[in-house]
Amino acid sequence: METQYAIEMLNITKRFPGIIANDNITLQLRHGEIHALLGENGAGKSTLMSVLFGMYQPEEGIIKKNGEVVTIKDPNDANALGIGMVHQHFKLVECFSVLDNIIMGMEPTRHGFLQKKEAREKVMALSEKYGLQIDPDALVEDITVGMQQRTEILKMLYRDNEILIFDEPTAVLTPQEIDELMQIMKNLAKEGKSILFISHKLAEIMAVADRCTVLRKGKYIGTVETKNTTMEELSAMMVGRSVNFHVEKSPCQPGEVVLNVEHMTVASKMHKNNAVKDVSFQVRRGEIVCIAGIDGNGQTELVYGLTGLEPLSGGKITMCGQDITNLSIRKKSLLGMSHIPEDRHKHGLVLDYSLEDNLVLQRYFEPEFTTKAGFLRRDNIRKYATRLIEEYDVRSGQGPITQARSMSGGNQQKAIVAREIDKNPELLVAVQPTRGLDVGAIEFIHKQLVAQRDTVSDERRNGLAMAAIGAVATLLTIRRPFGILGMIAAVAGTATVWGIIQFLGAQRNLNTLNEHLAKLTEERKEYEALLEE
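Per chain, residue numbering runs from 1 following the sequence as it is written. Only residues with pLDDT of at least 70 are given local features in this predicted model, and only at 80 or more are side-chain atom pairs given and counted; all residues enter the totals for whole chains, interfaces and linings. For side-chain calculations, the full set of non-hydrogen atoms in the structure is used, while hydrogens and water are omitted.

Draft legend 1. Representation of the packing of helix H13 (residues 378-391) against helix H14 (residues 409-422) within the structure. The geometry of H13 relative to H14 is characterised by a closest axis approach of 10 Å and an angle of 110° between their N-to-C directions. When the interaxial angle is binned, H13 and H14 end up roughly perpendicular. Helix-helix and strand crossings are classified by hand; for H13 and H14 the assignment is right-handed. Counted together, Tyr384, Arg387 and Leu388 of H13 and Ala418, Arg419 and Asp422 of H14 form the full contact between these two elements. Axes, fitted as lines to C-alpha atoms, cover a helix only where it is in contact. Angles between the N-to-C directions of the axes lie from 0 to 180 degrees. Numbering of helices and strands starts at the N terminus; helices are DSSP runs of H or I of at least 4 residues and strands are runs of E of at least 2. Roughly parallel here means an angle under 35 degrees, roughly antiparallel means over 145, roughly perpendicular means 65 to 115, and every remaining angle is called oblique. Should the near helix be turned anticlockwise from the far one by less than a right angle, the crossing is termed left-handed; should it be turned clockwise, right-handed. Residues count as neighbours in contact if any of their non-hydrogen atoms are within 4.5 Å of one another.

What follows is the structure, given as structure tokens:
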């Protein structure tokens, strides 16, 4: 007799030094079901899925597939059982091409020779079928985070897995891409595949999931049918309190110009054209300026040029009246620039360092943390790290001495945000600062950003997580390929903003765009009138 469950994880317990990541958790996935796994940062979601995928071995509990107990010692065992996983932090070889990463370990051969043509045809067929556009010959180190995400999804689909695990798959996607992925997941479920979907975005869970299991601090809270619940109820189950989904902020009071970008041009590694061409804009004290656009339009290169990760091909950058165009990253930091990077592993953390060492990476040489003889003041570093951990609720098994690599993605992000904001910068360049955070943490970070705006700091906010952008933006700068289209006032939560951004992905009709801008202006006037009342 066939069981109704494709996967059963029964009474799973997984321990790490100083923490029980999964405490007697039971999860049951039905055939052809999209089952969401929800929980705050550090709740144990990724750990539980890593147990299912064979990356961790549980101390207690069993796993069943189609009613039979199975042993999953490593990812190869998982793949053999038809279980695939798209990881929150990509498992890609950066010096390999996109195609090589997708087929790695499953390369088709004939008489001992690699048949790459066959593999390419299958990959491109999957790419076209599911709308996951890639450049198969591009090196992973040169492509955007969004394309890396699509590469991971195709890597799983290439293996024809029956059980699909998506760990935060929409964290770096645009609204259009998210909608497309949601449809892809629904189509896969209709084909009979069973999907486990980890997400912090409640709207996505409500839109695509059949059921939702909630974890909190490593414990099982409950499983609900999404059709019988609300986002407010889910958020309360997740964080144990009600969450305000609207960012409370007063109208900005912009002051003098802090950042002045003139005719910035940055070369592209992907093609012969410039990734950023002749871009100019300003950021004033006390305002949050957002850069928004479809992935691949040069936002990443713009940030790299601004922060010093890539040299400019042309143009000038001035901060607080000083030319910083050719200054090093350290000198820009000392002058008051903070940077929350797009890729937290590549540019935000040293994964093999402790949490406390990561929190002082840019300040360890200051007298507070280093003696005149050049020795680190370990007690001061520990006190400083402990304060930030408490203020920003950074959860880790061993506190300040926890290795950064062992922390959940959301808590890694909170550590970076804490470090960069606590520097009291003149300018904060924040790329998707709430990526991978739960609703409670997002609410807290948004409040911190607005508080910084209203006190001593300037905020420059760049991101592709556009719902979060709309919630805190004062001004919205829209990017098109190679340049800036225009700067408009942003209304909190207005759908017109997202309509303009999505419109840019497919159209270039300025008359239609002007209509959108006119509508946005009217909404802005109405919004200001409400504020006055």
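Back to the text.
Draft legend 2. Structural view of the sheet that holds strand S14 (residues 274-284). Strands sit in the order S14-S13-S16-S17 across an open sheet of four strands; the sheet is antiparallel. If you trace the sheet from one side to the other, it starts and ends with S14 and strand S17 (322-323), each paired once. The criterion for strand pairing is that DSSP finds at least two bridges linking the strands in question. Relative to S17, strand S16 (residues 314-319) is paired through two bridges, and the arrangement is antiparallel. Residue Met319 lies in a different strand from S17, and its bridge partner there is Gln322. In the packing of helix H9 (residues 299-307) onto the sheet, the strands contacted are strand S13 (257-267), S14 and S16, and the crossing angle to S13 comes to about 120°.

Draft legend 3. The packing of aromatic side chains, seen in detail. Ring pairs are drawn from Phe, Tyr and Trp, using the six-membered ring of Trp, whenever the two centres fall within 6.5 Å, and their geometry is named by plane angle: stacked under 30 degrees, edge-to-face over 60, tilted for the rest. Under the defined criterion, the tally for this structure stands at four aromatic pairs. The interplanar angle of 75° and the centroid separation of 5.1 Å between the aromatic rings of Phe16 and Tyr56 together place this pair among those described as edge-to-face. Within this pair, whereas Phe16 is found in strand S1 (residues 5-16), its partner Tyr56 is found in the loop between helix H1 (45-52) and strand S4 (60-65), the two being separated by 40 residues in sequence. For Tyr56, a relative accessible area of 32% translates into the label partly exposed. Placement of a positive charge over a ring is assigned whenever Lys NZ or Arg CZ falls within 6 Å of the ring centre and within 35 degrees of the normal to the ring plane. The cationic tip of Lys14 hangs over the ring face of Phe16; the distance from NZ or CZ to the ring centre is 5.2 Å. Above the ring of Tyr158, the side-chain terminus of Lys122 is found at 4.6 Å from the ring centroid. Relative accessible area decides the class of each residue, using a 1.4 Å probe on protein chains only: under 20% of the type maximum gives buried, over 50% gives exposed, and in between gives partly exposed.

Draft legend 4. Summary view of the nonpolar core. Ranked by internal contacts, the top residues of the largest apolar core, which has 45 residues, are Phe166, Met185 and Phe197. Among the elements that make up this core, the one with the highest residue count is helix H6 (residues 175-190) (seven residues). The contacts of Met185, once residues within four sequence positions are left out, are Ile34, Phe166, Ile195, Phe197 and Val208. Here, nonpolar core means buried Ala, Val, Leu, Ile, Met, Phe, Trp, Tyr and Cys residues that are tied together by side-chain atoms lying within 4.5 Å of each other. In this structure, Ala385, Tyr392, Val394 and Ala415 belong to the second largest nonpolar core, which totals 26 residues.

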